[in-house]
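Fold and contact review
Next come the chains, spelled out residue by residue.
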Amino acid sequence: MKKSSTIIRFVLVGCLVAASWFGYIAFKKPKHSIYELDAESLKFVQGDLPLLPGPYLVQGNPTDLKFEKIDLGISEFIEMSEEGDILYKWFGYEPKEFTKKDVDGFNRTSYYLPNPIFRIRRADGTIQDFPNVDDVRMTRGGQVFEIQGVGSNFSISTNGKVILKSSDQTPKHGWKQIYWGRDTKITDDGIFPNPGYEPHKVFANGWELKDLDLTDKPNAFYNASSTKLGTVGIASANGARAQIGGKDQIAMIKSGQIRFVELPRELKAATVRPYKQGLLIYKGPYSPTKLFRFEDEKFSEVPIPSGAAAVNFATSNSAGEMVIFMDVVDPLKKGQIDFPYNHLAYYVTNKKSYNLDEVLKGQNFAENLGFETITYIGSGQLDERGDILAAGHAADYNHQFLLRRIR
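The present account deals with the structure reproduced in this document. Every value quoted in this text rests on a predicted model; they were computed, and no experiment measured them.

1. Focus on the overall build of the protein
Across its full length, the protein holds three helices and 31 strands. In the protein, buried positions account for 52% of the 407 residues.

2. Topic: the pattern of salt bridges
Following the criterion strictly, the structure yields 17 salt bridges and no others. Salt-bridge contacts for D48 lead to K334; the nearest nitrogen and oxygen are separated by 3.4 Å. With a gap of 286 residues between them, D48 in the loop between helix 1 (39–46) and strand 2 (58–59) and K334 in the loop between strand 26 (322–329) and strand 27 (341–349) connect regions that are remote in the sequence. The partly exposed category is assigned to D48, whose relative accessible area is 41%. With its nearest N and O atoms 3.6 Å apart, the salt bridge here joins K268 to D248. Remark: D248 occurs in the loop between strand 18 (230–235) and strand 19 (249–254) and K268 occurs in the loop between strand 20 (257–262) and strand 21 (271–274); sequence separation between them is 20 residues. Overall, D248 belongs to the buried group, its relative accessible area being 4%. Connected through salt bridges with shared partners, the residues R385, D387 and R404 form a single ionic network.

3. Quick word on the nonpolar core
Grouped together as the largest cluster of nonpolar side chains are 35 residues, with contacts concentrated most on L291, A314, M322, I324, Y347, I388 and L403. When contributions to this core are tallied by element, the ones reaching two or more residues are strand 22 (278–282), strand 25 (310–316), strand 26, strand 27, helix 2 (356–362), strand 30 (388–394) and strand 31 (397–405). Counting residues per element, this core draws most heavily on strand 26, at six residues. I234, M252, V261 and L279 belong to the second-largest nonpolar core, a separate cluster that totals 14 residues.

4. Quick notes on the side chain of S41
With respect to the element layout, S41 can be found in helix 1. Not counting residues up to four positions away in its chain, the partners in contact with S41 are Y286 and S287.

5. Thoughts on the sheet that holds strand 14 (residues 190–192)
Sheet architecture is open: four strands sit in the order 13-14-15-16, paired in antiparallel fashion. Each end of this open sheet is capped by a strand with a single partner; those strands are strand 13 (185–186) and strand 16 (208–212). With two bridges joining them, strand 14 and strand 15 (residues 200–204) adopt antiparallel strand pairing. Directly across from G190, in strand 15, lies its bridge partner V202.

6. Things to note about the packing of aromatic side chains
In this structure the tally under the stated criterion is 14 aromatic pairs. Note on F203 and W207: the rings are 4.9 Å apart at their centroids and 90° apart in plane angle, and the pair reads as edge-to-face. Here F203 falls in the buried class, since its relative accessible area comes to 10%. Judged by its relative accessible area of 24%, W207 falls in the partly exposed class.

7. Re the pairing of strand 5 (residues 96–101)
Little of strand 5 sits out of view: just zero of its six residues are buried. Relative to strand 6 (residues 107–112), strand 5 runs antiparallel, the two sharing six bridges. Along strand 6, the bridge assignment pairs T99 with T109. Here strand 5 hands over to strand 6 after five residues, with G105 in that stretch at a positive phi of 90°.

8. Focus: the pairing of strand 4 (residues 86–90)
Among the five residues of strand 4, four are classified as buried, and the element is accordingly described as predominantly covered. Where strand 3 (residues 67–80) hands over to strand 4, the hairpin turn is made up of five residues, of which G84 adopts a positive phi near 105°. Bridge analysis of strand 4 against strand 7 (residues 117–121) gives five bridges, and the strand direction is antiparallel. Residue pairing for strand 7: I86 is matched across the bridge by R121.

9. Looking at the sheet that holds strand 23 (residues 292–295)
One open sheet holds the four strands; their spatial order is 21-22-23-24, and the pairing between them is antiparallel. Bordering the open sheet on either side are strand 21 and strand 24 (298–301), each of which pairs with just one other strand. Adjacent strand axes in the sheet meet at a mean angle of 25°, parallel and antiparallel pairs treated alike. Sheet analysis places strand 23 next to strand 24, joined by four bridges and oriented antiparallel. Following the sheet pairing, F292 is matched in strand 24 by E301.

10. Some words on helix 1
Every buried residue of helix 1 is listed here: S41, F44 and V45. What you see down the axis of helix 1 is that its buried residues fit within an arc of 100°, all on one side. On its buried face, helix 1 sits against strand 25, strand 26 and strand 27. Here helix 1 starts with a cap whose side-chain oxygen sits 3.2 Å from the backbone nitrogen of E40, and that cap is D38. G47, located one to two residues past helix 1, shows a positive phi value of around 80°.

What counts as what
- Residues numbered from 1 in each chain as written.
- Predicted model: local features only at pLDDT ≥ 70, side-chain atom pairs only at ≥ 80, totals over all residues.
- Heavy atoms only, no water.
- Helix = DSSP H or I, 4+ residues; strand = E, 2+ residues; numbered from the N terminus.
- Buried < 20%, exposed > 50% of the residue type's maximum accessible area, 1.4 Å probe, protein only.
- Salt bridge = Lys/Arg side-chain N within 4 Å of Asp/Glu carboxyl O.
- Core = buried A, V, L, I, M, F, W, Y, C linked by side-chain atoms within 4.5 Å.
- Contact = heavy atoms within 4.5 Å.
- Pairing = 2+ DSSP bridges.
- Phe/Tyr/Trp six-rings, centres within 6.5 Å; stacked < 30°, edge-to-face > 60°.
- Axes fitted to C-alpha atoms, helices over the stretch in contact; angles between N-to-C directions.
- Arc of directions from axis to C-beta.
- Polar contact = N/O pair within 3.5 Å; in protein donor to acceptor, adjacent residues only side chain to side chain.

What follows is the structure in structure tokens.
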């Protein structure tokens, strides 16, 4: 495998795709030209917005952090529980090799990946494979669900018990029955279909399901979860069944009940990232705000690394450790191109921020493993220990690693 100089780049798999499953984007109608943007958004595109104000974190020495690298093989990340269980599609540890003749009659060696299986690596290191199912989901609490079938013909089971079959759904909601697809969400609180579809089904008496009637409640896209707060979404003040002149709200479903908490007005159309004890909330990048935390029923400002025009991703654990992705203006790009930003990732612990680029360079992560690029993946989620995920890219496949925090 070819070794090259370390090129660290920061990509959010699932999280920049994540306008689909974590919150709102800052503006909703399509923009075909930057000159159709509002004044604030245009300033962001051109690199002219002022930097986010403090409070700021102290910059830490990258050599103070160290991660153990645990090889998960060639894989595609699906979910990480709060305690560090990882669900992924696993293709093995190396691509398969085969020989074939080319058009000139010469033997050529090529490679392919076998069909994947669903695999879970638990936080204690044990492995569980699911070779004969169509889909597997794992909640933030670590509960595993196996799905057979797709679309309108499926069954869902957990702990060896079938909890829902499509044939069992009654038509009392008209055509609105659960349709199993990629965007269907299972959490520790229930099953939440694609946005706009009903019924939502919540767990009662263990894994029994009952419908949750939300016909008189503001609409929300329930797309994330916290084992303490429940399944979380944002209800827009401008959405269906919303009150005129109201504020956007956090909607939380827990123990079969729903409650709403109004967001500060500056966080209208915000992105919400739950962790075990609370939420991180921010708006950006086109209309960026400070980073906020919601914990113990209170909102508070969160210190960030200095020098950023916008936070485009942030996540936390209950110890207050965070991974933050930030847009920082590159003076060599400003005035030359639109979006003149470097996208930097920081690890935050003990009230200090550490540039993850520098941390992994210091450990020669890419070069020691023979990869051309390193990409942070797994929606940037931290577990409660402070572990994160990374992938080394080479020969058109991703090799996934758990970066296990050891200091």
